[in-house]
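Structure assessment
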Amino acid sequence: MKRYCQTLTLVDNPELIEKYIEAHAHVWPEIIEGQRQVGILDMQIYRHGRQLFMICDTVDDFDFQRDMARLAALPRQAEWEAYVAQFQGCAADARSDEKWQRMERIF
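Here we summarise the structure given alongside this text.

Thresholds, definitions, all that
Residues numbered from 1 in each chain as written. Predicted model: local features only at pLDDT ≥ 70, side-chain atom pairs only at ≥ 80, totals over all residues. Heavy atoms only, no water. Phe/Tyr/Trp six-rings, centres within 6.5 Å; stacked < 30°, edge-to-face > 60°. Helix = DSSP H or I, 4+ residues; strand = E, 2+ residues; numbered from the N terminus. Buried < 20%, exposed > 50% of the residue type's maximum accessible area, 1.4 Å probe, protein only. Lys NZ or Arg CZ within 6 Å of the ring centre and 35° of its normal. 1 Å grid on protein atoms, 1.4 Å probe; cavity = no way out; pocket = protein on both sides within 12 Å on 5 of 7 lines; lining within 4 Å. Points joined across faces, edges and corners; volume = space filled by probe spheres on them. Nonpolar A, V, L, I, M, F, W, Y, C, P; charged D, E, K, R; others polar. Expected span 1.5 Å × (residues − 1). Arc of directions from axis to C-beta. Contact = heavy atoms within 4.5 Å. Polar contact = N/O pair within 3.5 Å; in protein donor to acceptor, adjacent residues only side chain to side chain. Pairing = 2+ DSSP bridges. Axes fitted to C-alpha atoms, helices over the stretch in contact; angles between N-to-C directions.

**A few points about the packing of aromatic side chains**
Applying the stated rule across the entire model yields eight aromatic pairs. Between Trp28 and Tyr83, the ring centres sit 6.4 Å apart and the planes meet at 25 degrees, which makes this aromatic pair stacked. In this pair, Trp28 sits in the loop between α1 (14–25) and α2 (29–38) while Tyr83 sits in helix α4 (residues 77–88), placing the two residues 55 residues apart along the sequence. Owing to a relative accessible area of 34%, Tyr83 belongs among the partly exposed residues under this scheme. Ring-pair connections join several aromatic residues into one group, and the members of that group are Tyr20, Trp28, Trp80, Tyr83 and Phe87. Sitting above the plane of the Trp28 ring, Arg76 keeps its charged end 4.0 Å from the centroid.

**Focus: the layout of surface pockets**
Of the voids in this model, the largest pocket is the one considered here, and its volume is about 760 Å³. If you go around the largest pocket, you meet 36 residues; those closest to its centre are Met54, Gln77, Glu81, Ser96 and Trp100. Mapped by element, the contributors of at least two residues to the lining of the largest pocket are α1, α2, β2 (40–48), β3 (51–58), α3 (64–72), α4 and α5 (96–99). In terms of residues, the lining of the largest pocket owes the most to one element, α4, which gives seven residues. Across the lining of the largest pocket, the residue classes tally to 22 nonpolar, seven polar and seven charged.

**Focus on unusual backbone geometry**
Even without being glycine, Arg76 reaches a positive phi, approximately 75 degrees. Along the chain, Arg76 turns up in the loop between α3 and α4. Judged by relative accessible area, which is 32%, Arg76 ranks as partly exposed.

**What about α1?**
Residues three or four positions apart in an α-helix share a direction because the helix packs 3.6 residues into each turn. Taking 1.5 Å of rise per residue, the 12 residues of α1 would be expected to cover 16 Å, and the 17 Å separating its terminal C-alpha atoms lies within 8% of that figure. Among the residues making up α1, those that are buried are Ile17, Tyr20 and Ala23. The buried side chains of α1 occupy one side of the element, clustering within an arc of 115 degrees when seen end-on. Of the exposed residues in α1, those oriented more than 90 degrees away from the buried face are Pro14, Glu15 and Ala25. Tucked inside the fold, the buried residues of α1 contact β2, β3 and α4. Its side-chain oxygen 3.0 Å from the backbone nitrogen of Glu15, Asn13 forms the N-cap of α1.

**Some details on the sheet that holds strand β4 (residues 101–102)**
Taken in spatial order, the four strands of this open sheet run β2-β3-β1-β4, and their pairing is antiparallel. Of all strands in the sheet, those bounded by a partner on one side alone are β2 and β4. Strand direction decides the pairing type here: strand β1 (residues 2–9) and β4, joined by two bridges, are antiparallel. Pairing of Thr7 across the sheet is with Gln101, part of β4. On the sheet, α1 packs against β2 and β3 and is oriented at approximately 155 degrees with respect to β2.

What follows is the structure in structure tokens.
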């Protein structure tokens, strides 16, 4: 199993932050299924204020660039990304790696 950790800062708007949290309480089933199709075993997002921290566990042969590109091409994924972009303060067509910054494990 591989693990990727990433961070993102939400827009400075408490109402939009609450909407982002609500959206993730009801993630569309196609999004979860798409993650499984490309080799994402589990994804968790934690929040501290505006700061998000994502843990993404994948299959051993997961290639981040290749498989995230595959994910982006799946049905409804672009629609989901455009929807959550309003909370993330980025362009609706921004790629995952343009929004989320991968973190380096130090311990």
